[in-house]
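Listed here are the chains, written in short residue letters.
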Amino acid sequence: MSLSNDAFVHARLTTWQRRITETAAALVPPEADNARAAITPTTDELVAVHNLATGLLTDLRQSADSPIASTTVGREYLAQLATALVHTNRAATHLSTALTGLADTHRLAYRHAPAATAESQLALTLGHAAGLRSLKRALQSVTAPLHRPAPTPGVAEQHQRATDASGPQSPRRRP
């Protein structure tokens with residue numbers, strides 16, 4: 001494993017940690033009381049998450065085509081980027097749900113349908129919270145250590161089912 005590959009991957013992971021952290025910090029729960037005023041900030045948040053996902057995808061494609069992809073640290077880096085991309089896309093989906101809830105809240109407010117408005121506000125709140133959780137998972141995926149030690153054989157053996165010396169047993173039946 002080359003020191004330059006390690007340094008490159010570490011620098012890239014540091015960049016993604018910073019970008020994901022900044023994007024997550026910019027997610028502010030919208031005010032459900034004023035749906036019209038919350039649509040623009042929520043749309044801006046959705047665009048920011050989309051831009052983050054686009055950057056992850058671009059880096060993933062470029063790194064997959066580079067010589068670093070043939071190294072162990074490079075393959076681990078690609079796996080981390082792919083996981084972060086999955087979680088970032090989930091965050092975008094959740095924010096899209098929140099935006100739909102805002103639009104419904106705004107639309108239904110004029111019809112005086114309190115049950116539908118409450119449901120839309122719930123979709124907004126839950127969608128936004130789920131989006132933030134997904135971004136936190138994306139951050140966790142790029143902050144995980146690259147070199148995971150292999151599990152010791154003793155631990156793995158402890159979790160295996162002990163086999164009987166007489167061979168496989170027939171399944172137990174209830175009387």
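These lines cover the structure that appears in this document, whether it is placed above or below. None of the values given here were measured: they were computed from a predicted structure.

**Describing the overall build of the chain**
Working step 1: Assigned secondary structure in the chain consists of five helices and zero strands.
Working step 2: In the chain, the order of α-helices and β-strands from amino to carboxyl end is α-α-α-α-α.
Working step 3: The buried share among the 175 residues of the chain stands at 34%.

**Some remarks on the pattern of salt bridges**
Working step 1: A full pass over the atoms with the stated rule returns two salt bridges.
Working step 2: One salt bridge in this structure joins aspartate 59 and arginine 12, with 3.1 Å as the shortest N-O distance. Placement of aspartate 59 in helix H2 (residues 35-64) and of arginine 12 in helix H1 (residues 3-25) is noted, with a sequence separation of 47 residues between them.
Working step 3: Take aspartate 59: its relative accessible area is 6%, and that puts it in the buried class.
Working step 4: Under the relative-accessibility criterion, arginine 12 is labelled partly exposed at 25%.
Working step 5: Residue arginine 18 is joined to glutamate 22 by a salt bridge in which the shortest nitrogen-to-oxygen separation is 3.5 Å.

**Let's talk about the side chain of serine 134**
Working step 1: Positionally, serine 134 belongs in helix H4 (residues 114-143).
Working step 2: Look at serine 134 and you get buried, because its relative accessible area is 1%.
Working step 3: Apart from residues lying up to four places away in sequence, serine 134 is in contact with His87, Arg90, Ala91 and His94.

**Quick look at the environment of glycine 55**
Working step 1: With respect to the helices, strands and loops of the structure, glycine 55 is situated in helix H2.
Working step 2: Taking the relative accessible area as the measure of exposure, glycine 55 reaches 16% and is therefore buried.
Working step 3: For the pair glycine 55 and leucine 85, spaced 30 residues apart in sequence, the C-alpha to C-alpha distance is 9.2 Å.
Working step 4: In this structure glycine 55 touches Trp16 and Arg19, once residues within four positions along its chain are discounted.

**Examining the environment of isoleucine 68**
Working step 1: Looking at the element boundaries, isoleucine 68 is found in the loop between H2 and helix H3 (72-109).
Working step 2: Looking at isoleucine 68, the relative accessible area reads 7%, which means it is buried.
Working step 3: Residues in contact with isoleucine 68, not counting those within four places in the same chain, are Asn5, Phe8, Val9, Ser63, Gly74 and Arg75.

**Some remarks on the nonpolar core**
Working step 1: Core analysis: the largest hydrophobic core is formed by 31 residues, its most contacted members being Trp16, Val49, Leu56 and Leu135.
Working step 2: Contributing elements (two or more residues each) for this core: H1, H2, H3 and H4.
Working step 3: Considering every element that reaches this core, the biggest residue donor is H3, with twelve residues.
Working step 4: Ignoring anything within four residues of it in the chain, the contact list for leucine 135 reads Ile20, Thr23, Ala24, Leu27, Val49, Leu52, Thr88 and Ala91.

**Here's the deal with H1**
Working step 1: Relative to the 33 Å expected for 23 residues at 1.5 Å per residue, H1 spans 33 Å between its end C-alpha atoms, a close match to the ideal helical length.
Working step 2: Within the span of H1, buried status applies to Asn5, Val9, Leu13, Trp16, Ile20, Thr23 and Ala24.

**A few points about the side chain of threonine 23**
Working step 1: Position of threonine 23 among the secondary structure elements: in helix H1.
Working step 2: Given the relative accessible area of 12%, threonine 23 is considered buried.
Working step 3: For threonine 23, the contacting residues outside a window of four places in its chain are Ala48, Val49, Leu52 and Leu135.

**With respect to the environment of alanine 103**
Working step 1: Tracing the sequence through the fold places alanine 103 in helix H3.
Working step 2: Relative accessible area serves as the criterion here: at 38%, alanine 103 is assigned to the partly exposed category.
Working step 3: Sequence separation between alanine 103 and glutamine 121 is 18 residues, and the spatial gap between their C-alpha atoms is 9.8 Å.

Definitions and limits used
The written sequence of each chain sets the order in which its residues are numbered from 1. Given that the model is predicted, a residue must reach a pLDDT of at least 70 before its local features are reported, and side-chain atom pairs must reach 80 or more before they are shown or counted; all residues, however, enter totals for whole chains, interfaces and linings. Where side-chain values are given, they derive from all heavy atoms of the structure, hydrogens and water being excluded. Labels follow the DSSP assignment, with helices taken as runs of H or I lasting at least four residues and strands as runs of E lasting at least two, numbered in each case from the N terminus. When accessible area is computed with a 1.4 Å probe and restricted to protein chains, residues below 20% of their type maximum are described as buried, those above 50% as exposed, and intermediate ones as partly exposed. By salt bridge we mean one thing: a side-chain nitrogen of Lys or Arg within 4 Å of a carboxyl oxygen of Asp or Glu. Residues are treated as being in contact if the distance between any of their heavy atoms lies within 4.5 Å. To form a nonpolar core, buried Ala, Val, Leu, Ile, Met, Phe, Trp, Tyr and Cys residues must be joined to one another through side-chain atoms within 4.5 Å. Expected helix span is computed as 1.5 Å times (number of residues minus one).

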